[in-house]
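Read off the chains here:
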Amino acid sequence: MPPVGELFKEVCQMRPTIASFPSARPRRARQSPAIRSMVRENVVTPADFIWPVFVRDGTGVEEPVPSMPGVVRRSVDLIGAAAKEAYGLGIPAICVFPYTSMDARTEDCAMAWDRDNIANRAIREIKDAVPEMAVMTDIALDPYNINGHDGFVVNGEIVNDRTVEALVKMALAQADCGADILGPSDMMDGRIGAIRSALEAEGHQRVMILSYAAKFASAFYGPFRDAVGASSALTGDKNTYQIDPANSDEALRMIERDLAEGADMVMVKPGLPYLDVCRRVKDTFGAPTFAYQVSGEFAMIRAAAENGWIDGQKVMLESLTAFKRAGCDGVLTYFAPEAAKVLLG
Ligand code: PBG
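It should be emphasised that the depicted structure is a prediction, and the values quoted were computed from it without experimental measurement.

1. Some details on the nonpolar core
And then number 1: Membership of the largest hydrophobic core comes to 107 residues, with the highest contact counts inside it found for F54, M136, L141 and Y292.
And then number 2: Looking at this core, the element that brings in the most residues is helix α5 (residues 161-176), giving nine residues.
And then number 3: Excluding residues that lie within four positions of it along the chain, M136 makes contacts with I50, I94, C95, V96, I181, G183, L210, Y212, M267 and L332.

Take a look at the structure:
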């Protein structure tokens, strides 16, 4: 067995771009901010962000979400101004989530495709205030479902095909209200194809689908369910439709299927704990790939920062850079306006 130094030299000969020490001193490339910026492989910009926001009824209301410090639920009348400010920071897209009270939740989920529901009013409000901004939606029945599930529940089972019919109605309502990007987050089978053909048939050829294709059954969604008022409503778990966190081959199959059914862009969710999936998705399909830095990820960073255990600003930017490094084209993040401000200096 030759000594390690000899082996290293041999490797270096095989890869002539790698010189051996002391010719190679990789620290030379890290010596100053100028040099480091020259060799930096990935950069985050505000154009990488989609900003998820929570909207509610009322007027002039801005209500903090306790489990997501710094995040608020805004009444619909305030969302246009917030969107405009975000767009001014260079954030190209916003994603609307409704906070619904218990009386908007029914077994038939009829509010989900009502053109005057909170989310659809917010879409119109944003499009009026800042028409250039891309507005994304969430398609799933949970904000309007009495039991908090993304699909209809019949005899304790989340039924697929009937749910897809409802999701199609929900999608068309959102498109009619001016949404640019629809985000099916429900994980029912066949919904992308069904939504895509309905959009075609109704003259919405321009409307995009960003499929939550690789959405895992994650405990990191906890604070979000508080934010939209779903925590108390949800009975049981979502394990019969969201993906087992242990699986990445399955996630790839879901991405492939949704692209084949007409998704324009795909998402991996949660984000940071699933960067391996992001990388596989990007390498395998090369499609526009997004990650969702979900509520629990946001809350963990915030909580540690508020305790003085980490530098919140640095960890925020480091986490966002990680998505780019993993191959993502962009990231849904509650940090969007804050991070954009830091990046713009
Ligand atoms: C609803 C939905 C969820 C999230 C986005 N859309 C929660 C869930 O599936 O229970 C989670 C977002 C977050 O945690 O930030 N279908």
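2. Focus: the packing of aromatic side chains
And then number 1: Under the counting rule described, the total for this entry stands at ten aromatic pairs.
And then number 2: When the ring of F54 is compared with that of F97, the centres are 6.1 Å apart and the planes differ by 45 degrees; the resulting orientation is tilted. In this pair, F54 is assigned in strand β1 (residues 49-56) and F97 in strand β4 (residues 93-98), connecting sequence segments 43 residues apart. Here the two residues F54 and F97 agree in accessibility, since each one is buried.
And then number 3: Between Y212 and Y292, the ring centres sit 6.3 Å apart and the planes meet at 50 degrees, which makes this aromatic pair tilted. Here Y292 lies in strand β11 (residues 289-293) and Y212 lies in strand β9 (residues 208-215), a separation of 80 residues in the sequence.
And then number 4: By relative accessible area, Y212 is classed as buried at 0%.
And then number 5: Members of the aromatic cluster, joined through ring pairs, are F54, F97, Y212, F224, Y292, F298, Y334 and F335.
And then number 6: The ring of Y99 carries the charged tip of R73 above its face, separated from the ring centre by 4.1 Å.

3. Topic: the site of the ligand
And then number 1: Residues in contact with the ligand amount to 18 residues; listed here are only the nearest, K215, R225, K269, S295 and Y334.
And then number 2: When the free accessible area of the ligand is taken as 400 Å², the share hidden by the protein chains comes to 100%.

4. Let's talk about the side chain of R105
And then number 1: Position of R105 relative to the elements: it lies in the loop between β4 and α4 (118-129).
And then number 2: As a buried residue without a salt bridge, R105 has its nearest oppositely charged side chain in D142, at a separation of 7.1 Å.
And then number 3: Within polar-contact distance, the side chain of R105 engages the side chain of T100 at 3.1 Å.
And then number 4: Within the structure, the side chain of R105 is placed 3.1 Å from the backbone oxygen of V228, a separation counted as a polar contact.
And then number 5: If near-sequence neighbours (up to four positions away) are discounted, R105 is found in contact with T100, D142, P143, Y144, N145, I146, V228, G229, A230 and A233.

5. Focus on unusual backbone geometry
It is generally the case that most residues other than glycine have a negative phi and that most peptide bonds are trans.
And then number 1: A cis amide bond links F21 to the next residue, P22, at an omega of 10 degrees.
And then number 2: By the secondary structure assignment, P22 is in the loop between α1 (4-14) and α2 (33-39).
And then number 3: Between K269 and the following residue, P270, the backbone shows a cis peptide bond with an omega angle of -10 degrees.
And then number 4: Along the chain, P270 falls in the loop between β10 (265-269) and α9 (275-285).
And then number 5: The backbone of C109 shows a phi angle near 55 degrees, a positive value even though the residue is not glycine.
And then number 6: Under the relative-accessibility criterion, C109 is labelled buried at 0%.
And then number 7: Although it is not a glycine, M187 adopts a positive phi angle of roughly 65 degrees.
And then number 8: Mapped onto the fold, M187 is located in the loop between β8 (181-182) and α6 (191-201).

6. Section: the side chain of H149
And then number 1: Here H149 lies in the loop between β5 (134-136) and β6 (153-154).
And then number 2: H149 gets classed as buried once you look at its relative accessible area, which sits at 3%.
And then number 3: Among the polar contacts listed, one links the side chain of H149 to the side chain of Y241, at a separation of 2.7 Å.
And then number 4: If we skip the residues at most four places from it in the chain, H149 touches L141, D142, I158, L234, T235, D237, K238 and Y241.

7. Section: the pattern of salt bridges
And then number 1: What the rule picks out here adds up to 22 salt bridges.
And then number 2: Notably, a salt bridge pairs D57 with R56, separated by 3.2 Å at the nearest N-O pair.
And then number 3: Since its relative accessible area comes to 16%, R56 is described here as buried.
And then number 4: Here E338 ties to R302 by a salt bridge, and the two come within 2.7 Å at their closest N and O atoms. Taken together, the residues span a long stretch of sequence, with E338 in helix α12 (residues 336-344) and R302 in helix α10 (residues 295-306) at a distance of 36 residues.
And then number 5: A residue is classified by how much of its surface remains accessible, and E338, at 34% relative accessible area, is partly exposed.
And then number 6: In this structure R302 comes out as buried when scored by relative accessible area, which is 16%.
And then number 7: Ionic contacts of the salt-bridge type, sharing partners, join the residues D186, D189, R191, R257 and D258 into one network.

Thresholds, definitions, all that
Residues numbered from 1 in each chain as written. Predicted model: local features only at pLDDT ≥ 70, side-chain atom pairs only at ≥ 80, totals over all residues. Heavy atoms only, no water. Core = buried A, V, L, I, M, F, W, Y, C linked by side-chain atoms within 4.5 Å. Buried < 20%, exposed > 50% of the residue type's maximum accessible area, 1.4 Å probe, protein only. Helix = DSSP H or I, 4+ residues; strand = E, 2+ residues; numbered from the N terminus. Contact = heavy atoms within 4.5 Å. Phe/Tyr/Trp six-rings, centres within 6.5 Å; stacked < 30°, edge-to-face > 60°. Lys NZ or Arg CZ within 6 Å of the ring centre and 35° of its normal. Near = heavy atom within 4 Å. Areas by Shrake-Rupley, 256 points an atom, 1.4 Å probe, with all protein chains shown as cover. Lys, Arg positive; Asp, Glu negative; His and termini not counted. Salt bridge = Lys/Arg side-chain N within 4 Å of Asp/Glu carboxyl O. Polar contact = N/O pair within 3.5 Å; in protein donor to acceptor, adjacent residues only side chain to side chain.

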